[in-house]
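Working through the structure, step by step
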Amino acid sequence: MRVLTKSRFKLGLECPNKLYYTHKEEEYANTKSNNPFLDALASGGFQVEELARMHYPNGVLIEDDTDRTKYNYEEKVIQTNELLNKDNVVIFEAAFMFNNLFIRVDILEKKGNQINLIEVKAKSFKHGTDDVKYNADWKFYLFDVAFQKYVIENAYPEFKVTPFLMLADKDKSTTIDGLNQMFRISKNSGNRTGIIKMDEQLNKINIERDSILSLIEVSEIISRIQKSEERILPEYEFEEAIKLFSKAYEEDRYFDYDLKFNICKKCEFKKDEKKPYLKSGFENCFKRKLNWTEDDFKAPNAFEIWDFRRWKHLIDNQILKLEDISDAAFGDTTDNSSKIGRVDRQLIQKYKSLENESTPYLLKDSLKSEMENWKYPLNFIDFEASTVALPFYSGQKPYEKVVFQFSHHVYYEDGTITHENEYINVTAGDFPNFEFVRQLKNALGANNGTVFQYSPYENSTLNQVKVQLEASDESDKAALINFIKTLTTPPTDKDYKGEIWSPSRKMIDLCEVIKAYYYNPHTKGSNSIKAVLPAIFESSLFIRDKYSKSISEINLTSKNFSLNHIWLNFENEKVIDPYKTLGKPFEEWDTRMERITEMDEINNGGAALTAYGLTQYTNMSNTERDSLKASLLKYCELDTLAMVMVFEHLKELCEE
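The shown structure was predicted, so the numbers you read here are calculated from the model rather than taken from an experiment.

Thresholds applied
Residues numbered from 1 in each chain as written. Predicted model: local features only at pLDDT ≥ 70, side-chain atom pairs only at ≥ 80, totals over all residues. Heavy atoms only, no water. Helix = DSSP H or I, 4+ residues; strand = E, 2+ residues; numbered from the N terminus. Rg over C-alpha atoms; globule rule 2.2 N^0.38 Å. Buried < 20%, exposed > 50% of the residue type's maximum accessible area, 1.4 Å probe, protein only. Areas by Shrake-Rupley, 256 points an atom, 1.4 Å probe, with all protein chains shown as cover. Lys, Arg positive; Asp, Glu negative; His and termini not counted. Charge placed at Lys NZ, Arg CZ, Asp CG, Glu CD. Axes fitted to C-alpha atoms, helices over the stretch in contact; angles between N-to-C directions. Parallel < 35°, antiparallel > 145°, perpendicular 65-115°, else oblique. Left-handed = near helix turned anticlockwise from the far one by under 90°. Contact = heavy atoms within 4.5 Å. Nonpolar A, V, L, I, M, F, W, Y, C, P; charged D, E, K, R; others polar. Pairing = 2+ DSSP bridges. Right-handed = clockwise from strand over helix to strand, strands pointing away. Expected span 1.5 Å × (residues − 1). Core = buried A, V, L, I, M, F, W, Y, C linked by side-chain atoms within 4.5 Å. pLDDT = per-residue confidence, 0-100.

Along the protein chain, the regular secondary structure elements total 24 helices and 17 strands. For 656 residues, the compact-globule formula gives about 26 Å, and the C-alpha radius of gyration of the protein chain, at 27 Å, lands near that figure. Overall size of the protein chain, expressed as C-alpha extent along the three principal axes, is 80 × 65 × 55 Å. Within the protein chain, buried positions represent 54% of all 656 residues. By element, 45% of the accessible surface of the protein chain is carried by carbon and sulfur atoms, the whole surface being about 29,900 Å². Charge-centre separation for the protein chain: the mean point of 87 positive side chains lies 2 Å from the mean point of 106 negative side chains.

In structure tokens, the structure reads:
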């Protein structure tokens, strides 16, 4: 039977056409991860779920199937029904079916005919400022709960169902150390996520005192959803959407929903470079709805435009290709000739694309004026951090950031480049933040040159550590806080009511420099360094020539690569992305760690986060941990070297 689950219902709310492509792994490409092990590491959801169950010590678990290919829906419902015969019972993963609708409930509490439906989410809230309400942040979670309530009420009309969310409460702090280490994760041969509970430690927990989770009743919001007063898809009432989705999915029928380009842009059913033999659901929709040909897909379109905001105009007129979009449809341009405005940048991109013109656009005089304010030696820093649901130490709140790594390159006025410093701590259970700041202070204290970040991430991360330091008993916290304040600007969040300061050595955001003065058509509108760097390789003969030589030949040092390492290699006269040549943590092993098989490269921020999760929440040998550590160090070093290359390219252009 083809059943509509709550995850498939959510997919239909994103776009009903997705229901036709989902769970067809041998036919349609899907670029989203479907690995529960890696998802659990990235989100920390496995810890929140296990802690939530501890609130109900007598709960009974409906065990999952090890082999997902033989999933027995009816058996799960039968097991649930037997437990529901009791007057009072708590069930974990209770199963309900109505027609072809099927749900599993995280926690179900039955007291007579009263049912408390509890959905556990690895998401945080804060009373008053970030509370649960119907908005873009919460709507899909709330529709998920509404769908579950609908199925239970139709399967058991005699039950009175009250819906709740159980969430990480940012107004709570734990009273114990190492809460996040008490639930660990393993992967068994059935490719299912398994939890290892540290029972000896967990037995010491007083759940009322030590838990950072809170139960939030959402009856009023769910009622509005069920009455169709709140809608994600404005065309359909709540129950109508369920019936239409379930019928289309059961019949394996294409829904034929109208294209909503802002949604289409994020579609996961696109071509996958790793599996080129699979079809694209995205392309199938455009062929069906707009009669697009292969040439149409090659034409420049609005999906490429950075920060495009006029989607309603395009949807209403069913136009997407840049040649069909008027300049006025982008919005108003600016009169500022010293920086590239948002709409100005979009129009530059439009005409560069239409004319197939690949020369970078540069406000040379403005950029030169900006660069004259930079003080040598130049410092380039990059952080890797994780936000964990369960705190490390007593007194901490949920989702406090853990900063486990930095890399630091220095560019001297004579052109010498040194990989000057780095820091990493992947020891399980260690809270690295304060030592991280000490090491960074020592690193940047060696000179008084300009400090660069790429994006505001480093600024916001240091500000969060500042708050942690203020609440700490560290003997040197005043010095560390003052150091942070020399670099960062205060938070700009509208809810921020804290201290305001003026940094004496304010970090320069290199991404903002790119946005203000430079556009490279090879980026296709992206300002990510992972897009800007390959674009520079296409445009700069200087960068290609320099970095196609060995480290020893180009006045450069490295802490993680040999002197004969070459950063840029070529294939068919094209630069190979250096992030794809970093190597794999376990490639030299006779037998790789089985749990790493789907995450065997560390070449982006998501993979780095997952690798850190592995070091924290799985049991591994020192050899395994050292392999991951070495790969993380290489990745972070390349991130700051990439910033150096971006700077060198801008410098090159200004000197022409």
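With that settled, the discussion passes to the packing of helix α20 (residues 510-517) against helix α24 (residues 622-655). At a minimum axis separation of 11 Å, α20 and α24 run at an interaxial angle of 30 degrees. Comparing their axes, α24 and α20 come out roughly parallel. In the packing of α20 onto α24, the handedness of the crossing is left-handed. Only Met 643, Val 646, Phe 647 and Leu 650 of α24 make contact with α20, whose side of the interface consists of Leu 510, Val 513 and Ile 514. Residues belonging to the contact of α20 with α24 are distributed by class as follows: seven nonpolar, no polar and no charged.

Leave glycine aside and you will find that most residues have negative phi; peptide bonds, for their part, are mostly trans. Tyr 376 connects to Pro 377 through a cis peptide bond whose omega is -5 degrees. The topology assignment puts Pro 377 in the loop between α16 (364-371) and β10 (378-388). In this structure, Asp 256 is a non-glycine residue whose phi angle is positive, near 65 degrees. By the element assignment, Asp 256 lies in the loop between α10 (238-250) and α11 (261-264). Of note, Asn 291 is a non-glycine position whose phi angle comes to about 55 degrees, a positive value. You can see Asn 291 is positioned in the loop between α12 (281-290) and α13 (294-298).

Here we come to the sheet that holds strand β14 (residues 508-509). Ordered in space as β12-β11-β10-β13-β14, the five strands form an open sheet in which the pairing is mixed. On the outer flanks of this sheet lie β12 (417-424) and β14, each paired with one strand and no other. The pairing of strand β11 (residues 400-411) with β12 spans seven bridges and is classified as antiparallel. Within β12, the residue paired with His 408 across the bridge is Asn 421.

Moving on, we get to the pairing of strand β5 (residues 160-169). Taking burial as the measure, the ten residues of β5 include nine buried ones, the bulk of the element. For the crossover from strand β4 (residues 114-125) across helix α6 (residues 139-155) to β5, the handedness is right-handed. Where β5 meets strand β8 (residues 213-217), five bridges bridge the pair, whose relative direction is antiparallel. The residue of β8 that forms the bridge with Ala 168 is Leu 213.

With that settled, the discussion passes to the side chain of Gln 346. Relative to the elements of secondary structure, Gln 346 occurs in helix α15 (residues 342-354). Excluding residues that lie within four positions of it along the chain, Gln 346 makes contacts with Ile 305, Trp 306, Asp 307, Phe 308 and Phe 330.

Our focus in this paragraph is helix α17 (residues 433-444). Relative to the 16 Å expected for twelve residues at 1.5 Å per residue, α17 spans 16 Å between its end C-alpha atoms, a close match to the ideal helical length. Restricting attention to buried positions, one finds in α17 the residues Asn 433, Phe 434, Phe 436, Val 437, Leu 440, Ala 443 and Leu 444.

Structurally, the position occupied by Ile 242 is in helix α10. The class for Ile 242 is buried, based on a relative accessible area of 1%. As for Ile 242 and Leu 13, which are separated by 229 residues in sequence, their C-alpha atoms are 9.6 Å apart.

Attention shifts here to the nonpolar core. Formed by 112 residues in total, the largest nonpolar core has its most connected members in Phe 380, Leu 440, Leu 510, Tyr 547, Trp 567 and Leu 650. Considering each element in turn, this core owes the most residues, 15 residues, to α24. Sequence-distant contacts of Trp 567, that is, excluding residues within four places in its chain, are made with Tyr 547, Lys 549, Ile 551, Leu 556, Phe 561, Pro 578, Leu 582, Glu 637, Leu 638 and Leu 641. If you look at the next biggest cluster of nonpolar residues, it comprises 51 residues, including Ile 62, Val 132, Trp 138 and Ala 241.

What follows concerns the sheet that holds strand β1 (residues 60-61). Here we have six strands laid out as an open sheet, ordered β1-β2-β3-β4-β5-β8, and mixed in their pairing. The sheet terminates laterally at β1 and β8, the two strands that pair on one side only. Pairing of β1 with strand β2 (residues 88-98), which is carried by two bridges, proceeds in the parallel orientation. In the strand pairing of β2, Leu 61 is matched with Phe 92. Contacting β1, β2 and β3 (101-111), helix α5 (residues 73-84) runs over the sheet at an angle of about 140 degrees to β2.

Moving on, we come to the confidence of the model for the protein chain. Chain-level pLDDT for the protein chain is 90 on average; 92% of the residues reach the 70-or-more range. Considering only residues more than four positions removed or in separate chains, one finds that residues 589-599, a stretch of pLDDT under 50, has 30 contacts.

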